[in-house]
Amino acid sequence: NALSPAEIQKVVIDDQNKAIQVVVADENLSVAIGKRGQNVRLASQLTKWKLDIVSESEMSKRLAEAKYQLGLIPGVTETMAMALYQNGIEKVADVAEISAEDLATVPGFDAAKAADAIKNAKEVIASGKAAAPMPEDMLDYATRKKLNKNTKAEDKAEGGDVNSIEAKLRAELAAAAQKNKGDNN
């Protein structure tokens, strides 16, 4: 295994493009890539496939961005967005450019749903909504933290660390519950 000793979390194979995406734990990314990319080059040479090694947090970000983008298309549910993503379709533009016949092969789509999705995707692009960046809060806190590599000092500068925010929230909820209890009596 050319990527050893990195622990591989997931492998996504794209037979059509001869590409492999390897997902590793964030702390194993540099180990998997190797000095100056030697592990990736070796694995690529051995397999004769293009290799893309990504961290779990980067993969989470890509998935969240795809779900956000595909969710902009009216009629596309979260389940349908996941099916599209698993079939290499990640953006509104991908849906707008694919043929209805090809889109109908994706689970959750038939000819009518495919035609509607393509039409709606073109409308989303025309409206400019597809160009808008994904809101930061679409990522869970842990992923944002890993991608931004925030320190506790940065968290405090943003309004307090997680523990103090949680404590404030609990206190506010308890006060609201107490108030509701008093109002009901």
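Residues numbered from 1 in each chain as written. Predicted model: local features only at pLDDT ≥ 70, side-chain atom pairs only at ≥ 80, totals over all residues. Heavy atoms only, no water.

Asks: Is there a simple way to think about the pairing of strand S1 (residues 8-14) in this case?
Replies: Both faces of the sheet carry side chains from a regular strand, because those side chains alternate between them. Here S1 runs beside strand S2 (residues 19-24); their pairing, made up of six bridges, is antiparallel. Residue pairing in the sheet places Val 12 in a bridge with Gln 21 of S2. Between the end of S1 and the start of S2, which pair antiparallel, lie four residues, with Lys 18 showing a positive phi angle near 50 degrees. (Pairing = 2+ DSSP bridges. Helix = DSSP H or I, 4+ residues; strand = E, 2+ residues; numbered from the N terminus.)

Asks: Any chance you could explain the sheet that holds strand S3 (residues 50-55) here in plain terms?
Replies: Picture the strands of a sheet paired through backbone hydrogen bonds; they go either parallel or antiparallel. One open sheet holds the three strands; their spatial order is S1-S2-S3, and the pairing between them is mixed. At either margin of the open sheet sits one strand with a lone partner, and together these are S1 and S3. Adjacent strand axes in the sheet meet at a mean angle of 20 degrees, parallel and antiparallel pairs treated alike. Lying over the sheet, helix H3 (residues 56-71) contacts S1, S2 and S3, oriented at roughly 95 degrees with respect to S3. (Axes fitted to C-alpha atoms, helices over the stretch in contact; angles between N-to-C directions. Contact = heavy atoms within 4.5 Å.)

Asks: Explain the nonpolar core to me, please; I cannot follow it from the model alone.
Replies: A general trend in soluble globular proteins is that nonpolar side chains are found buried together. The biggest cluster of nonpolar side chains holds 21 residues, and the ones touching the most others in it are Leu 84, Ile 89, Val 95 and Leu 103. Elements supplying a minimum of two residues to this core: helix H4 (78-86), helix H5 (92-97) and helix H7 (111-127). Here this core gets five residues from one element, more than from any other, and that element is H7. With 10 residues, the next largest nonpolar core counts Val 24, Ala 43, Leu 51 and Ile 53 among its residues. (Core = buried A, V, L, I, M, F, W, Y, C linked by side-chain atoms within 4.5 Å. Buried < 20%, exposed > 50% of the residue type's maximum accessible area, 1.4 Å probe, protein only.)

Asks: What's the story with the packing of H3 against H4 in this structure? I'm lost.
Replies: To characterise two packed helices, one gives the angle between the axes of the helices and the distance between these axes. In contact at an axis separation of 9 Å, H3 and H4 are set at 125 degrees when each is read in the N-to-C sense. In terms of orientation, H3 lies oblique with respect to H4. Note on packing geometry: the crossing formed by H3 with H4 is right-handed. Contacts between H3 and H4 involve Met 59, Arg 62, Leu 63, Ala 66, Lys 67 and Leu 70 on the former and, on the latter, Glu 78, Ala 81, Met 82, Leu 84 and Tyr 85. (Parallel < 35°, antiparallel > 145°, perpendicular 65-115°, else oblique. Left-handed = near helix turned anticlockwise from the far one by under 90°.)

Worth remembering: the numbers are spatial, not functional.
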